[in-house]
Amino acid sequence: MPEQSSPAQEIAAGYATSGNAVELGSVVVDGQVDAGARVRIPLAMMNRHGLVAGATGTGKTKTLQGLAEQLSNAGVPVVMADVKGDLSGLSHPGASNDKVTARAADTGDDWAPTAYPVQFLSLGTSGIGVPVRATISGFGPILLSKVLGLNDTQESTLGLIFHWADSKGLPLLDTKDLRSVITHLTSDAGKADLQGIGGVSSATAGVILRALSNLDAQGGNEFFGEPELVVADLIRQTDGKGVISLLELGNLQGKPALFSTFLMWLLAELFEELPEEGDLDAPKLVFFFDEAHLLFHDASKAFLDRIEQTVKLIRSKGVGVFFCTQLPTDVPNAVLSQLGARVQHALRAFTPDDQKALTQTVKTYPTTPHYELDKALTSLGIGEAIVTVLSEKGAPTPVAWTRLRAPRSLMDTIGDDAIKQAAAASELHGKYSQAVDRESAYEMMAQKMAPPAEQPRAEQPPEQSAPAREKEEPGFIEQVMGNSAVKSFFRSAASALGREITRGVFGTRRR
Ligand SMILES: Nc1ncnc2c1ncn2[C@@H]1O[C@H](COP(=O)(O)OP(=O)(O)OP(=O)(O)O)[C@@H](O)[C@H]1O
Ligand SMILES: [Mg+2]
């Protein structure tokens with residue numbers, strides 16, 4: 001006669017049994033943890049996406065840290081936003097203490113301090129990681145509108161402006177390129193072009209120009225430009241371990257829109273670049289969006305639609321996306337419904353709004369005979385979560401109150417100096433540390449010259465030295481625009497520059 005199994009074991013029976021899975025932790029029932037009742041996410045289901053949510057201080061970041069460690073161990077590269085700097089500890093072995101030892105025993109974990117391969121990245125040159133950039137053209141109008149805080153009308157105007165520049169094959173690399181094109185279109189010389197694209201009012205163009213100036217004042221000009229980050233550089237292994245690319249928010253605290261939109265750009269780039277895959281045993285890359293509310297906050301309909309579409313489609317490219325935020329209600333339903341794994345840390349129920357969010361959260365879980373979910377969700381301990389994931393067969397697993405494993409790397413920041421040192425010594429430093437200002441729309445006008453025959457997309461040779469960027473004088477574009485050579489340049493731009501730029505699902509450039 002088989003022994004009667006406990007509720008904890010009954011729950012665990014619904015989870016993966018093989019080792020080819022990420023270990024989350026062990027099942028808790030009636031306050032008792034069963035170290036042998038394991039809660040796992042099969043590696044093959046990591047591309048079915050997930051949500052890690054919970055009130056502040058409940059253990060979300062440590063959950064991400066633990067997931068990243070195990071993915072790296074399995075050879076899967078990871079990209080994460082390090083919003084508070086505390087994920088930098090992934091690069092150092094953790095410190096043992098009584099709490100960690102107790103948690104290891106609770107979760108049947110043969111815990112040992114371990115460091116993981118980390119690549120530190122930052123947006124623009126004033127950050128602490130290796131600077132990464134995107135071009136204005138690569139970003140495209142929808143993402144740029146999000147960064148500029150444009151409304152729907154302004155967003156569609158920007159779309160028309162991009163469309164015009166794209167059709168002329170005009171390289172918009174940095175903010176001054178875009179400014180020069182907008183200034184042209186709203187000048188006397190550009191009237192004919194403007195009529196050709198229709199629907200651009202000079203008042204709206206003026207708003208966009210002002211928003212661009214604000215962005216520049218906030219450091220946008222050090223982020224937009226070349227060399228543009230090549231997403232293949234995020235899909236790397238070292239000694240069989242997946243490299244964890246940490247995007248340090250650092251001094252961008254005041255510019256969350258740029259930071260979160262850049263992450264979305266990365267995802268769109270991955271979607272455009274990676275081939276279709278069948279069902280893989282393990283994902284090619286897992287992407288963690290910490291502080292995901294920043295992404296959805298104030299987002300346009302077009303932007304939200306694209307997120308939804310990208311999340312839906314990127315799964316078939318072998319990429320998993322995990323959103324991390326305080327409340328599940330921060331994530332639009334259309335996106336939420338595509339997230340196969342739920343790791344819900346404790347929720348607060350202080351205010352009527354909290355209560356509403358709690359009720360909504362409960363509704364998104366499968367029913368469970370073992371827990372009263374509303375009570376469970378408000379009484380979870382730190383580093384515990386209510387979990388349901390997809391089994392190897394793709395079915396939702398039983399709801400499990402889970403005590404999560406402790407990360408094996410350092411649960412703290414390693415500090416700015418150590419991050420800077422690691423970045424300077426890293427593989428990508430030579431390729432990306434220097435900005436390159438190649439000839440583009442702005443320079444061509446400035447030189448009052450005919451454009452060169454070909455404008456290949458920059459495949460920057462490593463360590464190419466950069467010509468110093470010249471400071472732009474006020475009113476310069478306006479002066480240049482009045483010049484007849486410039487007017488004729490714009491008239492001939494179409495024939496001279498050739499290659500039309502096409503845009504993919506997110507409005508980002510397709511190669
Ligand atoms: N899995 C875990 N193992 C060990 N300790 C943990 C674990 N999860 C959380 N802790 C403890 O709880 C603290 C807070 O966790 P964490 O920083 O992950 O919270 P958070 O939800 O990300 O908070 P915030 O919203 O403020 O960023 C950690 O510093 C650690 O001491
Ligand atoms: Mg956190």
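Each residue is numbered by its place in its chain's sequence as written, counting from 1. Going through the entries in the order they are written, you letter the chains from A and number the ligands from 1. Since the coordinates come from a predicted model, pLDDT governs what is reported: local features require at least 70, and pairs of side-chain atoms require 80 or more to be given and counted, while whole-chain, interface and lining totals use all residues. Just so you know, side-chain values use all the structure's heavy atoms and leave hydrogens and water out.

Some points on the sheet that holds strand 12 (residues 341–344)
Next up, step 1: A pair of strands counts as paired when DSSP detects no fewer than two bridges linking them. Secondary structure counts use DSSP, requiring at least four H or I residues in a row for a helix and at least two E residues in a row for a strand, with both numbered from the N terminus. If you walk across this open sheet you meet the 12 strands as 2-1-14-13-12-3-11-10-4-9-5-6, and the pairing is mixed. The sheet is open, and its two edges are formed by strand 2 (32–42) and strand 6 (130–132), each paired on a single side. Geometrically, the sheet is characterised by an average inter-axis angle of 30° between neighbouring strands, direction not taken into account.
Next up, step 2: As judged from the 5 bridges shared by strand 5 (residues 118–123) and strand 9 (residues 244–248), these two strands associate in the parallel manner. Bridging from a neighbouring strand, serine 122 pairs with glutamate 248 of strand 9. Axis definition: a line fit to C-alpha positions, over the contact stretch in the case of helices; interaxial angles, taken between N-to-C directions, run 0 to 180 degrees.

Structural notes on the site of ligand 1
Next up, step 1: By nearness alone, 16 residues border ligand 1, and Thr56, Gly57, Lys60, Thr61 and Lys84 come closest of all.
Next up, step 2: Residue lysine 62 places a main-chain N or O atom 2.9 Å away from an oxygen atom belonging to ligand 1.
Next up, step 3: Per-residue and other accessible areas were derived by the Shrake-Rupley procedure at a 1.4 Å probe size, with only the shown protein chains allowed to occlude residues. Protein chains bury 78% of the 630 Å² of accessible surface belonging to ligand 1 in isolation.
Next up, step 4: With 3 residues, the top contributor of residues to the shell around ligand 1 is helix 2 (residues 60–73). When we say a residue is near a molecule or strand, we mean one of its heavy atoms is within 4 Å of it. Pairs of N or O atoms are called polar contacts if they sit within 3.5 Å, as long as, within protein, a hydrogen donor faces a hydrogen acceptor (for residues adjacent in sequence, only side-chain-to-side-chain pairs).

Here we look at the environment of threonine 157
Next up, step 1: With respect to the helices, strands and loops of the structure, threonine 157 is situated in helix 5 (residues 152–167).
Next up, step 2: Classification of threonine 157 as buried rests on a relative accessible area of 3%.
Next up, step 3: With 43 residues separating them along the chain, threonine 157 and valine 200 place their C-alpha atoms 5.7 Å apart. Accessibility here uses a 1.4 Å probe with only protein chains present; expressed as a share of the type maximum, an area under 20% marks a residue as buried, one over 50% as exposed, and anything in between as partly exposed.

Section: the pattern of salt bridges
Next up, step 1: A carboxyl oxygen of Asp or Glu within 4 Å of a side-chain nitrogen of Lys or Arg is what we treat as a salt bridge. Applying the stated rule across the entire model yields 18 salt bridges.
Next up, step 2: Salt-bridge contacts for glutamate 372 lead to lysine 375; the nearest nitrogen and oxygen are separated by 3.1 Å.
Next up, step 3: Where arginine 403 meets glutamate 384, a salt bridge forms, and the shortest distance between an N and an O atom there is 2.7 Å. Placement of arginine 403 in strand 14 (residues 400–404) and of glutamate 384 in strand 13 (residues 384–388) is noted, with a sequence separation of 19 residues between them. The two residues arginine 403 and glutamate 384 agree in class, both being buried.
Next up, step 4: The network of salt bridges with common partners includes Glu23, Arg38, Arg40, Asp109, Asp110, Arg405 and Arg408.

Thoughts on unusual backbone geometry
Next up, step 1: Note the cis peptide between glutamate 226 and proline 227, where omega equals 0°.
Next up, step 2: Residue placement: proline 227 occurs in the loop between helix 9 (220–223) and strand 7 (237–238).
Next up, step 3: For histidine 49, which is not glycine, the phi dihedral falls at a positive 70°.
Next up, step 4: Tracing the backbone through its elements, the reader meets histidine 49 in the loop between strand 2 and strand 3 (50–53).
Next up, step 5: One non-glycine residue, aspartate 239, lies in positive phi territory at about 50°.
Next up, step 6: Relative to the elements of secondary structure, aspartate 239 occurs in the loop between strand 7 and strand 8 (241–242).

Side note on the pairing of strand 11 (residues 319–325)
Next up, step 1: In terms of burial, strand 11 is largely enclosed, as 7 of its 7 residues are buried.
Next up, step 2: Covered by surrounding structure in strand 11 are Val319, Val321, Phe323 and Thr325 together with Gly320, Phe322 and Cys324, the residues of both alternating faces.
Next up, step 3: Relative to strand 11, strand 3 runs parallel, the two being bridged by 4 bridges. Each residue of the ladder has a partner; that of glycine 50, found in strand 11, is phenylalanine 322.

Side note on the environment of alanine 400
Next up, step 1: Examined against the element boundaries, alanine 400 turns out to sit in strand 14.
Next up, step 2: When its relative accessible area of 0% is taken as the criterion, alanine 400 is described as buried.
Next up, step 3: Taking the C-alpha atoms as reference points, alanine 400 and alanine 385, 15 residues apart in sequence, are found 8.1 Å from one another.
Next up, step 4: In this analysis, two residues are considered to be in contact whenever any of their non-hydrogen atoms come within 4.5 Å of each other. Apart from residues lying up to four places away in sequence, alanine 400 is in contact with Ile11, Tyr15, Val27, Val39, Tyr371, Ala385, Ile386 and Val387.

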